[in-house]
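Each chain, letter by letter, is given below.
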Amino acid sequence: MIKACIFDLDGVIVDTAKYHYLAWKRLAEELNINFNEEDNERLKGVSRMKSLDIILEIGNITLKESEKLEFADKKNKWYREYILKMEETEILPGVKIFLNQLKQNNLKIAIGSASKNALTILQRLNLIDIFDSIIDGNKVSKAKPDPEVFIKAAQEMHIKPEECVVFEDSIAGIQAAKIGQMKTIGVGNHQTLKEADKIINGFKNIDLKILEF
Ligand code: BG6
Ligand code: MG
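Definitions and cut-offs
- Residues numbered from 1 in each chain as written.
- Chains lettered and ligands numbered in written order.
- Predicted model: local features only at pLDDT ≥ 70, side-chain atom pairs only at ≥ 80, totals over all residues.
- Heavy atoms only, no water.
- Buried < 20%, exposed > 50% of the residue type's maximum accessible area, 1.4 Å probe, protein only.
- Helix = DSSP H or I, 4+ residues; strand = E, 2+ residues; numbered from the N terminus.
- Donors = N, O, S within 2.8 Å, 3.2 Å for Na, K, Ca; no water.
- Phe/Tyr/Trp six-rings, centres within 6.5 Å; stacked < 30°, edge-to-face > 60°.
- Lys NZ or Arg CZ within 6 Å of the ring centre and 35° of its normal.
- Pairing = 2+ DSSP bridges.
- Axes fitted to C-alpha atoms, helices over the stretch in contact; angles between N-to-C directions.
- Contact = heavy atoms within 4.5 Å.
- Domains from an automatic or database assignment.
- Buried area = accessible area lost by both parts, 1.4 Å probe.
- Salt bridge = Lys/Arg side-chain N within 4 Å of Asp/Glu carboxyl O.
- Polar contact = N/O pair within 3.5 Å; in protein donor to acceptor, adjacent residues only side chain to side chain.
- Nonpolar A, V, L, I, M, F, W, Y, C, P; charged D, E, K, R; others polar.

## Structural notes on helix α3 (residues 48–58)
Part 1 of the reasoning: Considered for burial, the residues of α3 that qualify are S51, L52, I54, I55 and L56.
Part 2 of the reasoning: Two residues or fewer past α3, N60 is found with a positive phi of approximately 55°.

Right under this line is the structure:
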């Protein structure tokens, strides 16, 4: 029986993927690299430095570690300009209602995100207090598809992995949850997320029945 739900943040609770894309695109232009929305799919769920590596690989560019850190910082500065303007209305449709339903039914809820900006985003959205546990990119050392982020969330909630379900929009995230022995619900594209136990388009009209496996 499912006792807890762990949510990825970017692309599940809120569509920050578009801000990540705009900031990476600006950086790619500065480096004279052609980078489009299809390439951007590969960056979902992936850490900041790994994302930069993918972009540099696309442009066939090699940089020193110190230069890479500078470029990653630059991208993050641009990205933060977007997220610092975010508003509660940007929470994706149905998410708040679903989270409240889970709480009312005594299920635990957590965030399991690769982002080091997760707390800033959750603060902007007034969503900090609703979660029983928030594990973000500052609290893990291994990136998805390693299950560390989800295992830590389950541990903080005192719930066994097999009693958790993970909501994810990235392939790396679905794989991480599966390796961690958790149930998986893909949020978004059915073809991309076909490895998940279930797939939904979003949280509009989703209720607790989705947790029956
Ligand atoms: C993930 C996003 O949630 O966080 C990735 O899907 C992003 O696109 C990663 O690169 C790291 O985010 P941040 O905010 O620490 O650069
Ligand atoms: Mg995501």
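That covers the picture; the talk isn't over yet.
## Concerning the coordination of the magnesium ion (ligand 2)
When a metal holds four donors in a tetrahedron, each ideal angle between them is 109.5 degrees; when it holds six in an octahedron, the ideal angles are 90 or 180 degrees.
Part 1 of the reasoning: Surrounding the magnesium ion (ligand 2) are the protein donor atoms D8 (OD), D10 (O) and D169 (OD), at 2.0 to 2.2 Å.
Part 2 of the reasoning: Residue class for D10 comes out buried when judged on its relative accessible area of 15%.

## As for the packing of aromatic side chains
Part 1 of the reasoning: Within this structure, the stated rule accounts for eight aromatic pairs.
Part 2 of the reasoning: Relative to F203, the ring of F167 lies with its centre 5.4 Å away and its plane at 50°, an arrangement referred to as tilted. Of this pair, F167 sits in strand β4 (residues 164–168) while F203 is found in the segment after β6 (198–200), placing the two residues 36 residues apart along the sequence. Each member of the pair, F167 together with F203, is buried.
Part 3 of the reasoning: Residue placement shows K75 over the ring face of Y79; its charged tip is 4.5 Å from the ring centre.
Part 4 of the reasoning: Residue placement shows K198 over the ring face of F213; its charged tip is 4.7 Å from the ring centre.

## Some points on unusual backbone geometry
Part 1 of the reasoning: The step from K144 to P145 runs through a cis peptide bond, and the omega angle for that step is 15°.
Part 2 of the reasoning: If you trace the backbone, P145 turns up in the loop between β3 (133–135) and α7 (148–157).
Part 3 of the reasoning: Phi is positive for N126, close to 55°, though the residue is something other than glycine.
Part 4 of the reasoning: Tracing the sequence through the fold places N126 in the loop between α6 (118–124) and β3.
Part 5 of the reasoning: When its relative accessible area of 53% is taken as the criterion, N126 is described as exposed.

## Quick notes on the sheet that holds β3
Part 1 of the reasoning: With parallel pairing, six strands are arranged side by side in an open sheet as β3-β2-β1-β4-β5-β6. Edge strands, defined here as strands with exactly one partner in the open sheet, are β3 and β6. Direction aside, the axes of adjacent strands within the sheet are offset by 20° on average.
Part 2 of the reasoning: Relative to β4, strand β1 (residues 4–7) is paired through four bridges, and the arrangement is parallel. Paired with A4 across the bridge in β4 is C164.
Part 3 of the reasoning: Strands in contact with helix α5 (residues 95–104) are β1, β2 (108–112) and β4; relative to β1, the strand with the most contacts, it is inclined by about 155°.

## As for the domain arrangement of the protein chain
Part 1 of the reasoning: Domain annotation of the protein chain identifies domain 1 (4–14 + 91–211) and domain 2 (17–83).
Part 2 of the reasoning: A separation of 24 Å is found between the C-alpha centroids of domain 1 and domain 2.
Part 3 of the reasoning: Contact with domain 1, which involves 10 residues of that partner, is made by eight residues of domain 2.
Part 4 of the reasoning: Around 900 Å² of area is buried between domain 1 and domain 2 when both sides are counted, 50% of it from carbon and sulfur atoms.
Part 5 of the reasoning: Linking domain 1 with domain 2 are zero salt bridges.
Part 6 of the reasoning: Between domain 1 and domain 2 we count four residue pairs in polar contact (both at pLDDT 80 or more) in total.
Part 7 of the reasoning: For the side of domain 1 that touches domain 2, the per-class residue count stands at two nonpolar, three polar and five charged.

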